[in-house]
Amino acid sequence: MQSSRGWFSFMDDSVTETLSQALQGTGEQPDREPDTEILFGNLRGSVVGLRYYTGVVNKREMVSLVRQPQNPHDRNAVMVANVYGSQVGHIKRELAASLANIMDNNLARIDGVVPFGATNVFTMPVVLSFWGTEENRHAVVQQLSSHGFKLQTGSSGTNTHAHCANAASCVGICLTLCLKNAFDSLFEDLMEDKNGEREAAVCTPLLPHQKQALSWMCVCENSVALPPFWEDKGGLFYNTLTYSSVRERPQRVRGGILADDMGLVRLWRLCEWMCDCHVSDQSLRGPVGFLQCSNLRQTDCIPRLRVCENSPGNMPAFLCLCTCVCVGKRAGSEVGAAIAAPSPSPDDTAATTTLIICPLSVLSNWLDQLEQHVRPDVRLNVYLYYGPERNRDPRFLSTQHVVLTTYNVMTADYSGSGGPLHSVTWLRVVLDEGHVIRNPNAQQSKAVLDLNAHRRWILSGTPIQNSLKDLWMLVAFLRLKPFDVREWWNRVIQRPVTVGDKTGLGNLQALVRCITLRRTKTSRVGGRPLVSLPKRSFNIEEVELTTREREEYELARTEGRATISRYVEEGSVLRNYADVLAILVRLRQFCCHPDLLGSTLSQTGVVTATPAELRERLIERLRLVLGSGSDEECPVCLSSVRLAVITHCAHVYCRPCIAEVLRTEQPARCPLCRGPIKASELVEFPQEVEEEAGGYPSENWRSSSKVDALMSSLLRLRCEDSSIKSLVVSQFTRFLSLLEVPLREEGFRFVRLDGTMSQRRRAQVIQEFQSHSPGSPLVMLLSLKAGGVGLNLTAASHVFLMDPAWNPAVEDQCVDRCHRLGQTRDVVITKFIVKDSVEENMVKIQRQKQDLVEKAFGTNPSKRKTSRIEEIQALMEL
DNA sequence: ACCGCCGGGTGCC
DNA sequence: ACCGCCGGGTGCC
């Protein structure tokens, strides 16, 4: 099942996990959300029975505890295993009785570290750390103390988990993680760290980033370097994070993640190079692939979506890599693999087939690319493993150079165990749009992990979509020891990072850096920009309201001003913050279209009786503000609110941001109004809520100045050049609905993309919009929040920003959907701003915003508070 | 295990 | 001595 999109799926998962735990009882290992766990304390125990087992540990090595309820000697038995899962011993009986209770009831997750005495013969010490949710803390402490054990709290000397040293570092980390481009923040200053280009492999005009990607992939497939965090210690290999060691050399993953956030590469260039160039690598000589695909044309079952001119993602680079290897087999002769394997390891020679798995939506894309660009004088056997008639014979499949299939087909074949694709040992498995396997519980993820391959690649523009958790599946697929086991990933990477540990973040950076190639349009190679993009220009178009609109607007404004200035005088702006936001949203909506405001938003300033009623009203008001689509700002991270939660005092924050406050402040206070806040009183606000479906019948419809301004721009554009496509962006989903009417009337073909749409529908819409065929949509109505990272809308070269956002970064991000690699035209951005309105003031504030973000780092919260009030006053011209 | 614990042998100084 | 003390056997869960 496709998990829901965006940050919201983070919550879905945790809910599902809790549920499944409850249903399973003592089934699989509990898989709680490590992000929300806190450290209860540490306890010194001992591991006994060492002489009966072979598992060894090093000083400071991490160990894991495994329950053995079936142990004949003691049903409370708790086994101790090292990083590789070999048994080291057992927890001493008395302590085990207590631990068994905690573990069986999922009260805490228990980590072990052997601080010293690793070479002992009979017993060794172990420091146990107890992690769990706040509500279980008491039960754990109670359980332990009833057996006479006392948890050590605070940072005692033996605690190996670094703690958040101070609130400041926590806020720093929170900020880092709250940034939408969390993934890119992992790459700070690392962009140029890659192996550069491999000049030897290049002799035709290959674009710099193509050279870079290809040579990087070659290095990854052939490198004999140790995986990250391993050291050669005179014959023994030593892991610097877990302190474990092994005798045999840990194998680095042959492969990695190609995470370019741009429509990369012109395929023909690569193929040109593959065909014509002669490189120092002897093995690469010779022609490259003629597409020998017996069944490609008989696959009517595949929806052949129109292929965009610009191949998405890294498909072409991969095609190149894959075919390079295939091509080693020249007409008849069995030359070993080519560029990708100058010195093939023995087991590699057996397997020669590359399996490419992709979503159905891009399958036809791969096919077309292969068909169009592989040279006709070389045989390249490509088999499309799809459709009811597919050849399921593993021996046949292994004779192909490339086998192409979809996640669904592979998963259906697998159904829990095996299947033809699992009977082949592949030279290489490539996961296109690899982020689709981010949910480890999904069948397709399990199936993918079970494939046999020598080399593994992931293509994904957005490897991290929601949280660090997304990365685990990818790391597991790449078999990056020991992180392919969830426990070690959680302990060594995920939890330290979320707890705010600087070294944890450093480790994550190091890890990601060595398995990922990440380039964005601003990346540089050898000091030069990787790609040069068409120009982009930015215009603000002032919109004058009609006299009637102006009258109505002034009425609302005066009313709003009166309310807010009363709050200012009373000093209660922050207490009535939701009300203030509602007034602002109302005015902002008015600037777009008078019919935009929901009826419930229009009444303000009603004096309510009890404080409880007042609170309810404020929270309700905030829900309406968020429900309108308005991109509100989180006062903690100063970015757009993600995973919105509303406090008791009616302020809105990102869930992770407020969780951080709750964890670090005792007692916790609302960063805005300093009122007490409790985790239990937070109100979740679902990310994308369907507003009451606003069908706007043409007869009741009226225009507005801003709508007119947009329409005249669009009509003029269509007149000048009917091939120009436009993005029309608004925060307010209702506004998008309103805009449909005049678009339809003027005969514009358009599509709509907003947050409520299913992943499948989105893909369809994007595909449709990106198409260049005559009659394809000229306009896309895009909700600001749906225009997140990863979207490729290069078909558009004009962007109309219908309403200003608080956060200019969000607008930039939206514009970047079309101003990215693959864009052939100059991009023109038009922002409509109503003259003499709250919008104008928002733009002014936007300009100061970047400055404010910088200042907010490290300044005290009260400063933020005052700047917030000043901001509101500026908006209302008070 | 250079321990702890068990249980049998032993028994004033 | 229904003790203390000694010294041998013994050893995860």
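Residues numbered from 1 in each chain as written. Chains lettered and ligands numbered in written order. Predicted model: local features only at pLDDT ≥ 70, side-chain atom pairs only at ≥ 80, totals over all residues. Heavy atoms only, no water.

Going by an unreviewed UniProt entry, chain A carries the name Helicase-like transcription factor and comes from Esox lucius.

Q: Outline the protein's contact with DNA strand C, supporting the account with residue identities and numerical values.
A: Near DNA strand C lie 13 residues; those nearest to it are Arg-51, Tyr-52, Asp-74, His-90 and Arg-93. In DNA strand C, atoms within 4 Å of the protein come 53% from sugar and phosphate. In this structure, a base nitrogen belonging to DNA strand C sits 2.9 Å away from a side-chain N or O atom of Tyr-53. Within the side chain of Asn-71, a nitrogen or oxygen atom sits 3.2 Å from a base oxygen of DNA strand C. When its residues are assigned to classes, the surface near DNA strand C shows five nonpolar, four polar and four charged. (Near = heavy atom within 4 Å. Polar contact = N/O pair within 3.5 Å; in protein donor to acceptor, adjacent residues only side chain to side chain. Nonpolar A, V, L, I, M, F, W, Y, C, P; charged D, E, K, R; others polar.)

Q: Any chance you could break down the packing of helix α18 (residues 577-592) against helix α20 (residues 611-627) for me, citing the residues and the numbers?
A: For any two helices packed against each other, the geometry comes down to the angle between their axes and how far apart the axes lie. Relative orientation of the contacting elements α18 and α20 amounts to 35°, with a least axis distance of 8 Å. Crossing hand, α18 versus α20: left-handed. Contacts between α18 and α20 involve Ala-578, Asp-579, Leu-581, Ala-582 and Val-585 from the former and Arg-617, Leu-618, Arg-621, Leu-622 and Val-625 from the latter. (Axes fitted to C-alpha atoms, helices over the stretch in contact; angles between N-to-C directions. Helix = DSSP H or I, 4+ residues; strand = E, 2+ residues; numbered from the N terminus. Left-handed = near helix turned anticlockwise from the far one by under 90°. Contact = heavy atoms within 4.5 Å.)

Q: So, the sheet that holds strand β25 (residues 750-753): which residues are in play, and what are the values?
A: In a beta sheet, neighbouring strands pair by backbone hydrogen bonds and run either parallel or antiparallel. Sheet architecture is open: six strands sit in the order β20-β28-β27-β24-β26-β25, paired in parallel fashion. Of all strands in the sheet, those with a lone pairing partner are β20 (536-543) and β25, marking the two edges. Averaged over all adjacent pairs, the angle separating strand axes in this sheet is 20°, with direction ignored. Examined bridge by bridge, β25 and strand β26 (residues 779-783) share four bridges and lie parallel to one another. Bridge pairing links Leu-753 to Leu-782 in β26. Along the sheet, helix α23 (residues 733-745) contacts β24 (725-730), β25 and β26; its crossing angle with β26, the most-contacted strand, is approximately 165°. (Pairing = 2+ DSSP bridges.)

Q: Got a sec to walk through the pairing of strand β7 (residues 230-233)? Specific residues and values, please.
A: When β7 meets strand β8 (residues 236-239), the two strands line up antiparallel, connected through four bridges. Within β8, the position partnered with Trp-230 by the bridge is Asn-239. Counting the residues in the hairpin turn of β7 and β8 gives two residues, including Gly-234, whose phi is positive at 50°.

Q: Tell me about empty space enclosed by the protein, and please be specific about residues and values.
A: All told, the structure shown has seven cavities of 30 Å³ or more when counted by the stated rule. By volume, the second largest cavity amounts to about 60 Å³. Along its surface, the second largest cavity is lined by Tyr-577, Leu-581, Leu-584, Glu-632, Trp-806, Arg-868, Glu-871, Ile-872 and Leu-875. Secondary structure elements with two or more residues in the lining of the second largest cavity: α18 and α27 (861-875). No other element matches α27, which puts four residues into the lining of the second largest cavity. (1 Å grid on protein atoms, 1.4 Å probe; cavity = no way out; pocket = protein on both sides within 12 Å on 5 of 7 lines; lining within 4 Å. Points joined across faces, edges and corners; volume = space filled by probe spheres on them.)

Q: I'd like a description of the packing of aromatic side chains, backed by residues and values.
A: Throughout the structure, instances matching the rule amount to eight aromatic pairs. Ring geometry for Phe-229 against Phe-483: centres 6.2 Å apart, planes inclined by 90°, an arrangement best described as edge-to-face. Of this pair, Phe-229 sits in the loop between α6 (208-222) and β7 while Phe-483 sits in the loop between α14 (469-477) and α15 (486-499), and the two are 254 residues apart along the sequence. Centre to centre, the rings of Tyr-383 and Phe-396 are 4.9 Å apart; their planes meet at 90°, and the pair counts as edge-to-face. Of this pair, Tyr-383 sits in strand β13 (residues 379-384) while Phe-396 sits in helix α11 (residues 394-397), and the two are 13 residues apart along the sequence. Here the aromatic cluster, defined as three or more aromatic residues joined through ring pairs, consists of Phe-229, Phe-483 and Trp-489. Across from the ring centre of Trp-131, 4.3 Å away, lies the NZ or CZ of Arg-495, which sits over that ring. Over the aromatic face of Phe-748 sits the side chain of Arg-718, whose NZ or CZ is 4.0 Å from the ring centroid. (Phe/Tyr/Trp six-rings, centres within 6.5 Å; stacked < 30°, edge-to-face > 60°. Lys NZ or Arg CZ within 6 Å of the ring centre and 35° of its normal.)

Q: I'd like a rundown of the sheet that holds strand β1 (residues 38-48), residues and numbers included.
A: The strand order around the closed barrel formed by six strands is β1-β4-β3-β2-β5-β6, and the pairing between neighbours is antiparallel. Across this sheet, the average inter-strand angle for adjacent strands is 40°, counted without regard to direction. Pairing of β1 with strand β4 (residues 87-91), which is carried by two bridges, proceeds in the antiparallel orientation. In the strand pairing of β4, Val-48 is matched with His-90. Lying over the sheet, helix α3 (residues 134-146) contacts β1 and β6 (123-132), oriented at roughly 30° with respect to β1. Contacts from α15 reach β2 (62-67), β5 (109-113) and β6, with the element oriented near 115° to β2.

Q: Mind laying out the environment of Leu-738, listing which residues take part and the relevant values?
A: Tracing the chain through its elements places Leu-738 in helix α23. Among the residues examined, Leu-738 registers a relative accessible area of 1% and is labelled buried. A sequence separation of 31 residues divides Leu-738 from Val-707, and the C-alpha atoms of the two residues are 9.0 Å apart. (Buried < 20%, exposed > 50% of the residue type's maximum accessible area, 1.4 Å probe, protein only.)

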